[in-house]
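Examination of the molecular architecture
So you can see what is in the structure, the chains are spelled out below.
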Amino acid sequence: MKNNSFLLKTYIIVLLSLVLVSCTNPKEVINIDITAFMYGDEINQTVEVSMNGEYNTKEHSFIGSLVIGDVIKLEHVTFSPGSGLISYHESTRSYLGQIFFDYQSLNFSIEITNQDLYQQLTHSNNDGDKKITITSPANNIEEAKRMNAELKDKKLPFEK
């Protein structure tokens, strides 16, 4: 009888644990409105950046919007830290570049290689080898390069 009571208690604890785990929402709202530093071959300046959406802490992925200055308003973007930043406009999918993002601190560094986006931000043509890096927090090129290197060196959330 004692053994059955123990098994029943264990079963109830496991069942309650599973219910609690299944009820937790792994999605966290991200609202970033910050001054970042944008640098590249043809540009070195601060820029306002907004990133708003949901970050799934279980899948380590972001879905939301990205605004860069007064020029770029991307309503539907997605990324995972250390991977590509993807923009969707209706049925068109565009690879914008690589993004490094730390969910805990909300620090980020975006390396834009997309030729159209590059041209919109710099008003110069991109021959395919140029990139712009937008990093926060940073107020100058030295801070931006340091933060970019730190984020690149940081272990990704899914790496153990």
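Just so it is clear, the model here is predicted, and its values are computed rather than measured. (Residues numbered from 1 in each chain as written. Predicted model: local features only at pLDDT ≥ 70, side-chain atom pairs only at ≥ 80, totals over all residues. Heavy atoms only, no water.)

Things to note about the packing of aromatic side chains
Counted by the stated rule, this structure contains four aromatic pairs. Summarising the aromatic geometry, the rings of F62 and F79 are spaced 5.0 Å apart at their centres and angled 25 degrees between planes, so their arrangement reads as stacked. Placement of F62 in strand β3 (residues 61-68) and of F79 in strand β4 (residues 72-79) is noted, with a sequence separation of 17 residues between them. Side by side, F62 and F79 carry an identical accessibility label, which is buried. (Phe/Tyr/Trp six-rings, centres within 6.5 Å; stacked < 30°, edge-to-face > 60°. Helix = DSSP H or I, 4+ residues; strand = E, 2+ residues; numbered from the N terminus. Buried < 20%, exposed > 50% of the residue type's maximum accessible area, 1.4 Å probe, protein only.)

Side note on the environment of V47
Among the structural elements, V47 can be located in strand β2 (residues 44-56). A relative accessible area of 9% places V47 in the buried class. Along the primary structure V47 and I68 are separated by 21 residues, whereas in three dimensions their C-alpha atoms are 6.9 Å apart. Residue contacts for V47: discarding those within four places in its chain leaves I34, T35, A36, M38, I68, G69 and I134. (Contact = heavy atoms within 4.5 Å.)

Structural notes on the nonpolar core
Among the nonpolar cores identified, the biggest contains 28 residues, and M51, L66, F108, L121 and I134 are the most heavily contacted of them. Breaking this core down by element, the ones donating at least two residues are β1 (27-40), β2, β3, β4, β6 (92-102), β7 (107-112), α2 (115-122) and β8 (132-136). (Core = buried A, V, L, I, M, F, W, Y, C linked by side-chain atoms within 4.5 Å.)

Comments concerning helix α3 (residues 141-153)
With 13 residues, α3 should cover 18 Å at 1.5 Å per step; its first-to-last C-alpha distance of 18 Å lies within 8% of that length. At its buried positions, α3 is contacted by β1, β6, β7 and β8. Between a side-chain oxygen at the N-terminus of α3 and the backbone nitrogen of E142 the separation is 3.1 Å; the capping residue is N140. (Expected span 1.5 Å × (residues − 1). Polar contact = N/O pair within 3.5 Å; in protein donor to acceptor, adjacent residues only side chain to side chain.)

Describing the pattern of salt bridges
Summed over the entire model, instances satisfying the criterion amount to five salt bridges. A salt bridge links K130 to E42; the nearest nitrogen and oxygen atoms lie 2.9 Å apart. Taken as a pair, K130 in the loop between α2 and β8 and E42 in the loop between β1 and β2 lie far apart in primary sequence, 88 residues in all. For K130, a relative accessible area of 19% translates into the label buried. You can call E42 partly exposed: its relative accessible area is 36%. Residues K131 and E111 are paired through a salt bridge, measuring 3.6 Å at the closest nitrogen-oxygen approach. Residue K131 is found in the loop between α2 and β8, and its partner E111 is found in strand β7; the two are separated by 20 residues along the sequence. (Salt bridge = Lys/Arg side-chain N within 4 Å of Asp/Glu carboxyl O.)

Let's talk about unusual backbone geometry
One can expect most non-glycine residues to show negative phi and most peptide bonds to be in trans. Following S136, the chain continues into P137 via a peptide bond in cis, with omega recorded as 5 degrees. Mapped onto the elements, P137 comes out in the loop between β8 and α3. In this model, H60 sits at a positive phi of 55 degrees, which is unusual for a non-glycine residue. Note that H60 resides in the loop between β2 and β3.

Focus: the pairing of β2
When a strand is regular, its side chains alternate between the sheet's two faces. Sheet analysis places β1 next to β2, joined by 13 bridges and oriented antiparallel. Counterpart to E28 in the pairing with β2 is Y55. The hairpin turn running from β1 into β2, its antiparallel successor, is three residues long. Hairpin connection from β2 to β3: four residues lie between these consecutive antiparallel strands, with H60 at a positive phi of about 55 degrees. (Pairing = 2+ DSSP bridges.)

Some words on the side chain of N114
In this structure, N114 sits in the loop between β7 and α2. Using a relative accessible area of 16% as the deciding quantity, one classes N114 as buried. For N114, the side chain forms a polar contact with the main-chain oxygen of Y95, separated by 3.2 Å. Within the structure, N114 has its side chain in polar contact with the backbone nitrogen of L117 (distance 2.9 Å). Discounting chain neighbours no more than four positions away, the residues touching N114 are S94, Y95 and L96.

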